[in-house]
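For reference, the chains in residue letters:
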Amino acid sequence: GEWSERLLQKKNFNLLNHFSECWIPDYEDIHNLAGILSHPQKKPDIPCQYIGWLSRIKKKNIAVEKNHLLLLLSGPEPQRSLFENIIIQQISHYNGTATIVRGLPNATTLIPSTNSLRFYNHLKADEMGVEMERAEFIIARSGYSTIMDIAALQKKSILIPTPGQTEQEYLAQYLSKKQFASWCTQKEFSIENSLAKARGFSYKFIYPGDENKLNVAVSNLLKKMEQFQT
């Protein structure tokens, strides 16, 4: 509830206040992706800097393949497996092609692929980037790192928050209102209905510019350290 979240925030801030700076992976203005999660009414006592989005994915301008989906499974059990079972039941009836990344980097068992459906337990960053770019739509959890990757590539997405994770539920609804992403609950999810909604959704992507705020923050911190040492 709200009381427990305030208590957790206070504990987090007490830990953060031991550091010299707090770097926030978002933009401060209307280009932000996380709403109140990155712009709380009360911030830590130390200086806070917005350093822009952080993504491991580099855009390669790969052509989009019509009717090709990328489905990204992630997060804790049992919800990861529950969502995977829903996907497997439904994807066999999909007329296009799809890549399903199961989010299991340590798994040894594989789900067999077909001509139209490719299953992977895990993909490295460069391979994931290629799969994200070629997909017409990405269906994924609304975890913040995934959202930053989607933003980096300006991709059309359908977000399915992990049930019970209030931050993911907030992000999915917040980004839908900003028209950055379509969303649906896991309980109500169907590939057919979600795609119909997404195809009628007016996606508006966020273009914050090319300024590398992380490099600026690192450079400024190094200068402060040099001054401290002299």
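Scroll up a little and you will see the structure.
Residues numbered from 1 in each chain as written. Predicted model: local features only at pLDDT ≥ 70, side-chain atom pairs only at ≥ 80, totals over all residues. Heavy atoms only, no water.

1. Topic: the sheet that holds strand E5 (residues 117–120)
Item 1. Taken in spatial order, the six strands make up an open sheet running E5-E4-E3-E6-E7-E8, and their pairing is parallel. Strands with a single pairing partner mark the edges of an open sheet, and in this sheet they are E5 and strand E8 (182–183).
Item 2. Inspection of the sheet shows strand E3 (residues 68–72) paired to strand E6 (residues 137–140) by four bridges, in the parallel sense. Bridged to Leu71 within E6 is Ile139.
Item 3. Packed on one face of the sheet, helix H3 (residues 125–134) meets E3, strand E4 (97–101) and E6 and runs near 135° to E3. (Pairing = 2+ DSSP bridges. Helix = DSSP H or I, 4+ residues; strand = E, 2+ residues; numbered from the N terminus. Contact = heavy atoms within 4.5 Å. Axes fitted to C-alpha atoms, helices over the stretch in contact; angles between N-to-C directions.)

2. Side note on the environment of Val216
Item 1. Following the sequence through the fold, Val216 ends up in helix H7 (residues 213–229).
Item 2. The exposure class of Val216 is partly exposed, given its relative accessible area of 39%.
Item 3. Considered as a pair, Val216 and Ile51 are 165 residues apart in the sequence and their alpha carbons are 8.2 Å apart. (Buried < 20%, exposed > 50% of the residue type's maximum accessible area, 1.4 Å probe, protein only.)

3. Here we look at the nonpolar core
Item 1. Counting 27 residues, the largest nonpolar core has Leu33, Leu70, Met128, Met132, Ile138 and Phe180 as the members making the most contacts within it.
Item 2. Put simply, the parts of the chain that give this core at least two residues each are E3, H3, E6, helix H4 (144–153) and helix H5 (166–177).
Item 3. Those residues in contact with Ile138, other than ones at most four positions away along the chain, are Leu70, Leu72, Met132, Ile150, Lys155, Lys156, Ser157 and Ile158.
Item 4. In terms of nonpolar packing, the next biggest core, distinct from the first, is built from 23 residues, Ile87, Phe119, Ala198 and Phe201 among them. (Core = buried A, V, L, I, M, F, W, Y, C linked by side-chain atoms within 4.5 Å.)

4. A few points about a nonpolar patch on the surface
Item 1. Together, Val218, Leu222 and Met225 give the surface a local cluster of nonpolar side chains, amounting to about 240 Å² of exposed area.
Item 2. Owing to a relative accessible area of 45%, Leu222 belongs among the partly exposed residues under this scheme. (Patch = residues over 30% accessible without salt bridge, like charges linked within 9 Å, V, L, I, M, F, W, Y side chains within 5 Å. Areas by Shrake-Rupley, 256 points an atom, 1.4 Å probe, with all protein chains shown as cover. Salt bridge = Lys/Arg side-chain N within 4 Å of Asp/Glu carboxyl O.)

5. Structural notes on the packing of aromatic side chains
Item 1. Counted according to the given criterion, the structure contains seven aromatic pairs.
Item 2. Ring geometry for Tyr27 against Trp53: centres 5.2 Å apart, planes inclined by 90°, an arrangement best described as edge-to-face. With a gap of 26 residues between them, Tyr27 in the loop between strand E1 (22–24) and strand E2 (48–50) and Trp53 in the loop between E2 and E3 connect regions that are remote in the sequence.
Item 3. When the centroid spacing of 6.4 Å and the interplanar angle of 90° are considered together, the rings of Phe180 and Phe205 count as edge-to-face. You can see Phe180 sitting in the loop between H5 and E8 and its partner Phe205 sitting in the loop between helix H6 (191–199) and H7, a full 25 residues away along the chain.
Item 4. Phe180 gets classed as buried once you look at its relative accessible area, which sits at 1%.
Item 5. Here the aromatic residues Phe137, Phe180, Phe201, Tyr203 and Phe205 are joined through ring pairs into a cluster of three or more. (Phe/Tyr/Trp six-rings, centres within 6.5 Å; stacked < 30°, edge-to-face > 60°.)

6. Structural notes on the pattern of salt bridges
Item 1. Tallying each qualifying case throughout the model produces eight salt bridges.
Item 2. Notably, a salt bridge pairs Glu84 with Arg80, separated by 3.1 Å at the nearest N-O pair. Here Arg80 and Glu84 lie together in helix H2 (residues 79–91), a separation of four residues that amounts to about one turn. You'll find Glu84 and Arg80 in the same group, each marked buried.
Item 3. Ionic pairing is found between Arg134 and Glu131, a salt bridge with its closest N-O pair at 2.9 Å.

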